[in-house]
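Coordinate inspection notes
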Amino acid sequence: MKTILITGAAGFIGSNLAKALISDNKIIGFDNVNDYYDVNLKEYRLSQLNTNPNFTFIKGDLADKQAVNSIFEEYHPDIVVNLAAQAGVRYSIDNPQAYIDSNLVGFFNILEACRNNPVEHLVYASSSSVYGSNKKVPYSTDDKVDNPVSLYAATKKSNELMAHAYSKLYDIPATGLRFFTVYGPAGRPDMAYFKFTNKLVKGEKIQIYNHGDMYRDFTYIDDIVTGVINVMNKAPEPNEDGVKYKVYNIGNNSPESLMDFVNILEQKLMKYGIIDTEAEKELLPMQPGDVYQTYADVSELEKDFGFKPSTSLEEGLDHFAKWYKDYYEVEK
């Protein structure tokens, strides 16, 4: 039984990861439970964990250095999975300070704590956003990622650089994971599929950017969790420079048209009686910070772990629609 610190434990990926690990490990969950989106959803996720004696939850902020240090000093985690971050591309345009506090200062505090309280492995969330307006597809971890198109992307690339420096200087085994458009039950309400659903239920028109000509590598939450667990359990070997550092893509390696995505979502919502008819769609130009396409090359993940995400949109959106109906008690 390992002691695993999961930051962002009330979040979408963090709570699902904790659920998957909780039977065989001692989980320390850390989260500030902020109101960036509906706090009730975060409390719902935590309620599925709080009754388990293997789960300890601590409410606190990553930017609070003392709060972070005290967890390491009290619980001595073997593995740290840093999933806490201020998420969202569009929000970063109007609220940059939140990203500096959480994604830079907060991550620095995690790195310092790992330096002063050695861990077996630090795994942290990066993002497909680091690829910016990269024209080459699929996106490979060997590609240059020096041209972020949002502050969110810049903070995630900064995390990778900071982790590499700490890994080299202080011998901290560190692995970064570039997640590609994660979706599923109890996901983030600021994500397109969730926002679309909320509007469809109210009979409102939905806004589709770049006139629907966009592609996303939608990745189902269970595939993300499996990928994280595989990576957690195998710290990187020293590379040619002697640094125990690695970055992987975790994506479905199958970009889907945004319009196809919306059509499948509508079908699933109608299947469960959540909506009666398809929505009116407003086609708009590309938004600042958005990219045309995301597409993950997962060959490294497959080579090192014999695994790649494979859940279809049909299956994943079906699970989401069923959960949405149950959670919100939607009646036709």
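Our structure is the block above this text.
These notes cover the structure that comes with them. Each chain has its residues counted from 1, running along the sequence as written. Owing to the predicted nature of the model, reporting of local features is limited to residues with pLDDT of at least 70; listing and counting of side-chain atom pairs is limited to 80 or more, with chain, interface and lining totals taken over all residues. Hydrogens and waters are ignored; side-chain quantities use all the structure's heavy atoms.

**Comments concerning the overall build of the protein chain**
The line we're drawing: Segments assigned H or I by DSSP are reported as helices when at least four residues long, segments assigned E as strands when at least two residues long, and all are numbered from the N terminus. Two things to know: the radius of gyration comes from C-alpha atoms, and the globule rule equals 2.2 Å times the number of residues to the power 0.38. Exposed residues in this analysis have more than 50% of their type's maximum accessible area, buried residues have under 20%, and partly exposed residues fall in between, with area computed by a 1.4 Å probe over protein chains only. Contacts: residue pairs with any heavy atoms within 4.5 Å of one another. Only four residue types enter the tally: Lys and Arg on the positive side, Asp and Glu on the negative side, with His and both chain ends excluded. To locate a charge, take atom NZ for lysine, CZ for arginine, CG for aspartate or CD for glutamate.
When you go through the protein chain residue by residue, the secondary structure sums to 11 helices and 13 strands. The C-alpha atoms of the protein chain give 19 Å as radius of gyration, which agrees with the globular expectation for 332 residues (20 Å, within 12%). For the C-alpha atoms alone, the extent of the protein chain along its principal axes is close to 55 × 45 × 40 Å. Evaluated residue by residue, the protein chain yields a buried proportion of 55% over its 332 residues. Counting contacts in the protein chain only where the partners sit at least 6 residues apart, residues at least 24 apart contribute 80% of the total. Of note, the protein chain has its 33 positive side-chain charges centred 1 Å away from the centre of its 46 negative side-chain charges.

**Description of unusual backbone geometry**
What you tend to see is this: most non-glycine residues have negative phi, and most peptide bonds are trans. For the bond running from Val137 to Pro138, omega is -5°, close enough to zero to count as cis. Residues other than glycine seldom take positive phi values, yet Thr181 does so here, at roughly 35°. Inspection of the secondary structure puts Thr181 in the loop between β6 (174-179) and β7 (182-183). For His211, which is not glycine, the phi dihedral falls at a positive 55°.

**Looking at the nonpolar core**
Our working rule: Nine residue types can take part in a nonpolar core, namely buried Ala, Val, Leu, Ile, Met, Phe, Trp, Tyr and Cys, and a core is a set of them joined through side-chain atoms within 4.5 Å.
Counting 74 residues, the largest nonpolar core has Ile6, Leu17, Val81, Phe179, Tyr193 and Met232 as its most contacted members. With seven residues, the single largest contributor to this core is helix α8 (residues 221-232). With residues up to four places along the chain from it excluded, the contact list for Tyr193 reads Phe12, Val182, Tyr183, Gly184, Gly187, Arg188, Phe261, Leu265 and Phe320. Core analysis: the second largest hydrophobic core is formed by 25 residues, Ile71, Ala84, Ile110 and Cys114 among them.

**Thoughts on the sheet that holds strand β4 (residues 79-82)**
Applied cut-off: Here, a strand pair is defined by DSSP locating no fewer than two bridges between the strands. Axis lines are fitted to C-alpha atoms, over the contacting stretch for helices. Their N-to-C directions set the angle, which ranges from 0 to 180 degrees.
Read from one edge to the other, the open sheet built from seven strands follows the order β3-β2-β1-β4-β5-β6-β11, with strand pairing classed as parallel. Across the chains shown, the open sheet's two edge strands, defined by having one partner strand only, are β3 (55-59) and β11 (245-250). Strand-to-strand twist in this sheet, taken as the mean axis angle between neighbours without regard to direction, amounts to 20°. Here strand β1 (residues 3-7) runs beside strand β2 (residues 26-31); their pairing, made up of five bridges, is parallel. Its bridge partner being in β2, Ile6 is matched across the sheet by Gly29. Against the sheet, helix α1 (residues 12-21) contacts β1, β2, β3, β4 and β6, and its axis sits at roughly 165° relative to β1. α8 contacts β1, β4, β5 (121-127), β6 and β11 of the sheet and is inclined by roughly 165° relative to β6.

**Here we look at the layout of surface pockets**
Rule in force here: Both site types are read off a 1 Å grid over the protein atoms alone. A 1.4 Å probe that fits but cannot get out defines a cavity, while an open set with protein on both sides within 12 Å along at least five of seven lines defines a pocket; lining residues have an atom within 4 Å of a point. Grid points are joined across faces, edges and corners, and a volume is the space filled by probe spheres set on the points. Just so you know the grouping, Ala, Val, Leu, Ile, Met, Phe, Trp, Tyr, Cys and Pro go in nonpolar, Asp, Glu, Lys and Arg go in charged, and all remaining residues, Gly too, go in polar.
Quantified by volume, the second largest pocket comes out at close to 420 Å³. Looking at the second largest pocket, it is lined by 16 residues, and the ones nearest its centre are Thr141, Asp142, Tyr245, Lys246 and Val247. The greatest single-element share of the lining of the second largest pocket, amounting to four residues, is contributed by helix α6 (residues 151-170). Of the residues in the lining of the second largest pocket, the class split is four nonpolar, three polar and nine charged.

**Considering the environment of Leu284**
Of note, Leu284 is situated in strand β13 (residues 281-284). With near-sequence residues (within four places) excluded, Leu284 lies in contact with Gln207, Ile208, Tyr209, Asn210 and His211.

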